[in-house]
Amino acid sequence: MKQLRRVVDAVVTVAVGIGGAYALGTLFVWLWAPTPTPENSSPPPEAFLFLWGALLGFFAVVVTRVLVIPRVARRRRRAV
C-alpha cells in the first residue's frame, strides 16, 4: 500500500510539473515573443522562450514538492 502511494505521488508531481511547465512556457512566449514577420521567422524565437519557461516551471514544481512541502508538513506535525 505504501509503494502504491509513492507511485501515485510521483505521477501527480510529474503531471503537475508538466502543467506548470506548459503554463510558464506559454506565459514567457505571450510576454516576450516578438510578433512574427518574414524577417524574423527563422528560427522561431518563441521556441526558445517556451523551452526556457517549461524547464523553469517543471523544476520549480519538483523542487517545491521535494523541499518545501515536506518541511511544511513537519512543522504542522510539531505544532499539533
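Residues numbered from 1 in each chain as written. Predicted model: local features only at pLDDT ≥ 70, side-chain atom pairs only at ≥ 80, totals over all residues. Heavy atoms only, no water.

K.L.:
Help me understand the packing of aromatic side chains, please; the structure alone is not making it clear to me.
P.N.:
Each aromatic ring pair is characterised by the separation of its centres together with the angle its planes make. Going through the model one piece at a time under the given rule, you end up with three aromatic pairs. Summarising the aromatic geometry, the rings of Phe 28 and Trp 32 are spaced 5.1 Å apart at their centres and angled 75° between planes, so their arrangement reads as edge-to-face. With a gap of four residues between them, Phe 28 and Trp 32 both fall in helix α1 (residues 2-32), about one helical turn apart. For the ring pair Phe 58 and Phe 59, a centre distance of 5.7 Å and an interplane angle of 75° mean the geometry is edge-to-face. The class for Phe 58 is partly exposed, based on a relative accessible area of 26%. Residue classification places Phe 59 among the partly exposed residues on the basis of a relative accessible area of 48%. (Phe/Tyr/Trp six-rings, centres within 6.5 Å; stacked < 30°, edge-to-face > 60°. Helix = DSSP H or I, 4+ residues; strand = E, 2+ residues; numbered from the N terminus. Buried < 20%, exposed > 50% of the residue type's maximum accessible area, 1.4 Å probe, protein only.)

K.L.:
Before we go on, may I ask you to explain α1 in this structure?
P.N.:
Every α-helical turn comprises 3.6 residues, leaving residues that sit three or four positions apart pointing alike. The end-to-end C-alpha separation of α1 is 44 Å, in line with the 45 Å expected for 31 residues at 1.5 Å each. Taken residue by residue, α1 has Thr 13, Gly 17, Ala 21, Gly 25 and Phe 28 as its buried positions. (Expected span 1.5 Å × (residues − 1).)

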